[in-house]
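# Summary of structural features
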Amino acid sequence: MSQHKESDELVVNGEPGENTALETPEDDREPGNDGGEARPNRPSPDGPVGVGDAETQADLTSDGENGNAIETDVSGAVKEAESEADLPSDAEQLRESQGMENVRNSTATVKVVLVPEGHVMTVAFVIGLSIQELKRHLASELRVPPQVLQISLDGTVVEEERSLMELGVRPHGSTRLEMSSTNPTTHPLRPVRPPELDNMPDVITVRVQTEEGVFQDVVVEIERPRQQKAFLGGYRHQLTGAVYHHAAVQTAPKRRPDRGVVVFSRDTQTVELKSQAQQCAVHVSTQMTGIGCYVSCMKDKLLTPGTYLSADEFHDIRLRAVIRLQSFARRWLAQQRVEQLRRERNRHLAWLDLQERRRTEEKEEQLRDRRHRWMNPQKRDDFNLLYHALEKWRCEEEQKINSSLRGAERKAALCSLLDQETQLIAAIGRHRIAVQHNNYDKTIRHFLDKSAAPYQWKTADGRLIEVDSPHTIRARELRDLYNDINMFTAKQDQRHQILMTLKHTVKEHDCQLSRDIVDLIDREVDLTTRGLKASSLEGLRKRISTLFLQYIKTPAFNPEVAKMLKVPQNPSQLKNDMFLCRSCQRYLRSTDFSPAANARRLRADEQQLNKEAKIPFLLQVEDVRYLVEVVWASRSAVHGSSDIYNLVFVRWERGIDWSPWNCILLSREETSAHLEVEDVHKTYEATFIRRIEHKHMLARRYFSQISSMAEFLDSQSNAALGNQLISKSMTMATGNQATIASPR
């Protein structure tokens, strides 16, 4: 920082001669660095006031001279106005527009109070710009998004489209605004630096002389340096003792280009010299026999020269040694390669063995599951499987009888076979009735337990919280009462008490159902009082239990069951959730459809390959069964395997989505090899390809009759198929009876 001469005089917000460099209050300072440079604000229509170097005029005139200059300016302005009065109206409009533009480009001092901290920021801003531009400038200073800033004047929020001039701010004037954050938790308004570290104001006004006797007030904004300036040294005046520092520029130092190598190193290229004495370990000397000295020759050795080696022989020996070394190295490399191939072979054989064991275990698991379903059927599919096995057994026995017996013996054997089949069907029917009764009881208990269960959820620390509502408490009371009603082994007094509790419970709602239950309760109490046996009251008690279950399932009496009923009480809920099942020809909810195992596997595989696949989800169980049994004859297309539980559908051409006309039925062992085929036309023979394409045409013909599948078929392909194929009805054996399948 250089010092001015004593004759130089800076006038700031006052008359010449005053030493006041700043009149901004201490609490209005903007957080920043300790020091800063002064910069004049020049009007810019595109944003906040720019920053420049403020030039102060030295040796300003005195008070009297300032007064004379002002009077001269006033008289000159009056004469200029009189001369301009005679100009045309166009010139006057032009001057008015220019004057208005100059007013809009003028600056003013804006003091912004940060709410609720109370810190004050002072900036010089063009009064013609909008509040939105002011927000952007302040947001860059506070390092927050401009969307969260809210500026208000006297407690009223200011619109972003309005300017400071519209708010009544005059050129070179000042105003005070409040600014707050709409999201103080995420984006609080804090000063960049604490106010106690600032000793420099944000804005100062400097009066400079532009012409002879003409002065102009320039608003100068103090720019905070973004980096700490380095101390560059300086010097001290020996006579006056003043200390002068070398000036530093605001521009960041220029970085040297990266050459890609390290150019700063402590290593040198100086040769290292070392002095070291060498001394042999054994002293050797020679001595010859001479006069007065005898040297014994008993230990002398006779040396003879060896075979002389030429250069070619020497190089030949070296070449043979190199070849020997190379042979040993290549042998080692070959051994390593063989060992690697052996490990890969063993790993591949182990993988094949693992796959074979896995397939064997899957088949055994399927057989165990099938045998368990045969011995203990619980679901409709289990009974269908049992009927199918019975039908298969009957056909085999009938074929044996027809091939081995004739005449009366054949008829007697067929009659015996018919009796056996009838007995087996009757046994299956009795078991089915018992299973249905058991499943009915389990379903009712599950329904009542689910309706009476409290609401549960896990907290952040993993604890389970359970909350009961009045509806769940009501459902729990009805469930306990239902269990007590179905406890037929209770004593007579205990039974009467349970019936009275049930009677008081249902009498809370007066309707036909409650009146019927009360009548049955009175009848049972009367009959038990007369000494009637419990076996004779079994039917009456079942009627009471059934009516009370109907009472529990009524949402008006038990509101908690409304969300668990399959048929919603509001008919509008059935509009978008009921679909026609083509297998059973009934309308079911979307959650009641249960595709076969092959269909489920097919949908899962296609979902992994293409999440937008639609055709596998349009197929029903009967459609998949038609493809397997009619189109592909329940056999693998390659080796003819007939194990239906080991057959799967895969894509015929791997790059096209699965469809009935782009599929092939293979066993699990053949699937992995087929999926590695890039081009089926180059891998398989022409005869095999024509046979597969013929099955695809059959599938196209069948599924073209279904409206939901027709849109995926090409119209030209359908026309060609119509000329080549003829639709015929065919017989399929499904379950325990034969059905006629025809194209839809």
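In this text the structure is predicted, and so the values were computed from the model without any measurement.

With that settled, the discussion passes to the overall build of the protein. Regarding its fold elements, the protein presents 18 helices and 18 strands. Burial statistics for the protein: of 744 residues in total, 28% are counted as buried. Counting only contacts in the protein whose residues sit at least 6 apart along the sequence, the fraction spanning at least 24 positions is 58%. Roughly 52100 Å² of accessible area belongs to the protein as shown, and the carbon and sulfur atoms make up 52% of that amount.

The next thing to look at is helix 16 (residues 686-703). For helix 16, built from 18 residues, the straight-helix expectation of 26 Å at 1.5 Å per residue is met to within 8% by its first-to-last C-alpha distance of 26 Å. The complete set of buried residues in helix 16 reads Phe688, Ile689, Ile692, Lys695, His696, Ala699, Tyr702 and Phe703. The arc that holds the buried residues of helix 16, viewed along the axis, is 140°, so those residues lie on one side. Exposed residues lying more than 90 degrees from the buried face of helix 16 are Thr687 and Arg690. Looking at the buried side of helix 16, the elements it contacts are helix 13 (621-631), strand 16 (663-667), helix 15 (680-683) and helix 17 (707-710).

This part covers helix 8 (residues 492-506). Look at helix 8: 21 Å from first C-alpha to last across 15 residues, which is about the 21 Å you get at 1.5 Å a residue. Every buried residue belonging to helix 8 is among Arg495, His496, Ile498, Leu499, Leu502, Lys503, Thr505 and Val506, and all of these are buried.

This part takes up the pairing of strand 4 (residues 149-153). Relative to strand 6 (residues 174-181), strand 4 is paired through four bridges, and the arrangement is antiparallel. Bridging from a neighbouring strand, Ile151 pairs with Met179 of strand 6. In this structure, the hairpin formed by strand 4 and strand 5 (residues 156-157) is closed by a connection of two residues, where Asp154 is found at a positive phi of approximately 55°.

Take the packing of helix 5 (residues 380-404) against helix 6 (residues 407-452) next. Relative orientation of the contacting elements helix 5 and helix 6 amounts to 175°, with a least axis distance of 10 Å. Relative to helix 6, helix 5 is oriented roughly antiparallel. Contact residues: helix 5 offers Arg380, Phe383, Leu386, Tyr387, Leu390, Glu391, Trp393, Arg394, Glu397, Glu398, Ile401 and Asn402, while helix 6 offers Arg410, Ala413, Leu414, Leu417, Gln420, Glu421, Leu424, Ile425, Ile428, His431, Arg432 and Val435. Classifying every residue of the contact of helix 5 with helix 6 gives 13 nonpolar, three polar and eight charged.

Pairing is mixed across the open sheet formed by five strands, whose spatial order is 3-2-6-4-5. Here the strands that pair on one side only, and so sit at the sheet edges, are strand 3 (120-126) and strand 5. Direction of pairing for strand 2 (residues 107-114) relative to strand 6: parallel, over a ladder of six bridges. By the bridge assignment for strand 6, Val113 is matched with Glu178.

Next up on the list: empty space enclosed by the protein. On inspection of all chains with the given rule, the structure shows one cavity of 30 Å³ or more. Space inside the largest cavity adds up to approximately 30 Å³. Forming the boundary of the largest cavity are Arg359, Glu362, Lys363, Gln366, Tyr645, Asn646 and Arg668. With four residues, helix 4 (residues 311-375) is the single largest residue contributor to the lining of the largest cavity. Across the lining of the largest cavity, the residue classes tally to one nonpolar, two polar and four charged.

Burial within strand 3 is extensive, with seven of its seven residues counted as buried. Along strand 3, one buried face is formed by Val120, Thr122, Ala124 and Val126 and the opposite face, lined by Met121, Val123 and Phe125, is buried too. In the sheet, strand 2 pairs with strand 3 via seven bridges, with the strands oriented antiparallel. Across the sheet, residue Val112 finds its bridge partner in strand 3, namely Met121. Linking strand 2 back to strand 3 in an antiparallel pair, the connection comprises five residues, with Gly118 at a positive phi of about 90°.

Moving on: the side chain of Lys135. Inspection of the secondary structure assignment puts Lys135 in helix 3 (residues 131-142). A distance of 3.0 Å separates the side chain of Lys135 from the side chain of Glu160, its partner in a polar contact. Non-local contacts of Lys135, meaning those with residues more than four positions away in its chain, are made with Pro146, Leu149, Gln150, Ile151 and Glu160.

Time to look at the pattern of salt bridges. Per the counting criterion, the structure on display carries 29 salt bridges. Among the salt bridges present, the one from Arg394 reaches Glu398, with a minimum N-O distance of 2.7 Å. Of the two residues, Arg394 and Glu398 are both situated in helix 5; the distance of four residues between them amounts to about one turn of the helix. Classification of Glu398 as partly exposed rests on a relative accessible area of 29%. Each member of the salt-bridge network shares a partner with another, and the members are Glu391, Arg394, Glu398 and Glu421.

Glancing now at the environment of Met179. Along the chain, the position of Met179 falls in strand 6. On the basis of relative accessibility, which here comes to 0%, the residue Met179 falls in the buried class. Sequence separation between Met179 and Gln150 is 29 residues; the distance between their C-alpha atoms is 5.5 Å. Apart from the residues within four sequence positions on either side, Met179 is in contact with Val112, Val113, Leu114, Val115, Leu138, Leu142, Leu149, Gln150, Ile151 and Leu189.

Turning next to unusual backbone geometry. Residue Ala633 is not a glycine yet carries a positive backbone phi of 60°. Take Ala633: it is sitting in the loop between helix 13 and strand 15 (647-651). On the basis of relative accessibility, which here comes to 43%, the residue Ala633 falls in the partly exposed class. Backbone geometry places Ser634, a non-glycine residue, at a positive phi of 60°.

Right, let's talk about the packing of helix 4 against helix 5 for a bit. Running from N to C, helix 4 and helix 5 cross one another at 90°; their axes reach a closest spacing of 9 Å. Of the possible angle classes, the one that applies to helix 4 and helix 5 is roughly perpendicular. Between helix 4 and helix 5, the residues in contact are Arg370, Arg373 and Trp374 and Asp381, Asp382, Leu385, Leu386 and Ala389, respectively. Among the residues forming the contact of helix 4 with helix 5, the class breakdown is four nonpolar, no polar and four charged.

This next bit is on the packing of aromatic side chains. This model, assessed by the stated rule, comprises 10 aromatic pairs. Ring geometry for Tyr551 against Phe557: centres 4.4 Å apart, planes inclined by 15°, an arrangement best described as stacked. Comparing Tyr551 with Phe557 shows no difference in burial state: the two are buried. Ring geometry for Tyr702 versus Phe703: centroids 4.9 Å apart, planes at 85°, classification edge-to-face. Classification of Tyr702 as buried rests on a relative accessible area of 8%. When the ring centre of Phe383 is taken as origin, the NZ or CZ atom of Arg432, which lies over that ring, is 5.2 Å away.

This next bit is on the nonpolar core. Burial of nonpolar side chains together is a common tendency in soluble globular proteins. By size, the foremost hydrophobic cluster in this structure holds 32 residues, and its most contacted members are Trp632, Phe649, Trp658, Ile664 and Phe703. Counting residues per element, the ones that place at least two in this core are helix 13, strand 15, strand 16 and helix 16. Counting residues per element, this core draws most heavily on helix 16, at six residues. Those residues within four positions of Trp658 in sequence are excluded, and the remaining contacts are Leu602, Glu606, Ile615, Pro616, Leu619, Leu627, Phe649, Val650, Arg651 and Cys663. Within the second largest apolar cluster, 29 residues are counted, among which are Leu481, Ile485, Val506 and Leu520.

Glancing now at a nonpolar patch on the surface. A contiguous nonpolar surface patch, about 300 Å² in accessible area, is contributed by Leu349, Trp351 and Leu352. Tracing the chain through its elements places Trp351 in helix 4.

Reading the values: rules and limits
Residues numbered from 1 in each chain as written. Predicted model: local features only at pLDDT ≥ 70, side-chain atom pairs only at ≥ 80, totals over all residues. Heavy atoms only, no water. Helix = DSSP H or I, 4+ residues; strand = E, 2+ residues; numbered from the N terminus. Buried < 20%, exposed > 50% of the residue type's maximum accessible area, 1.4 Å probe, protein only. Contact = heavy atoms within 4.5 Å. Areas by Shrake-Rupley, 256 points an atom, 1.4 Å probe, with all protein chains shown as cover. Expected span 1.5 Å × (residues − 1). Arc of directions from axis to C-beta. Pairing = 2+ DSSP bridges. Axes fitted to C-alpha atoms, helices over the stretch in contact; angles between N-to-C directions. Parallel < 35°, antiparallel > 145°, perpendicular 65-115°, else oblique. Nonpolar A, V, L, I, M, F, W, Y, C, P; charged D, E, K, R; others polar. 1 Å grid on protein atoms, 1.4 Å probe; cavity = no way out; pocket = protein on both sides within 12 Å on 5 of 7 lines; lining within 4 Å. Points joined across faces, edges and corners; volume = space filled by probe spheres on them. Polar contact = N/O pair within 3.5 Å; in protein donor to acceptor, adjacent residues only side chain to side chain. Salt bridge = Lys/Arg side-chain N within 4 Å of Asp/Glu carboxyl O. Phe/Tyr/Trp six-rings, centres within 6.5 Å; stacked < 30°, edge-to-face > 60°. Lys NZ or Arg CZ within 6 Å of the ring centre and 35° of its normal. Core = buried A, V, L, I, M, F, W, Y, C linked by side-chain atoms within 4.5 Å. Patch = residues over 30% accessible without salt bridge, like charges linked within 9 Å, V, L, I, M, F, W, Y side chains within 5 Å.

Shape descriptors only; they carry no functional weight alone.
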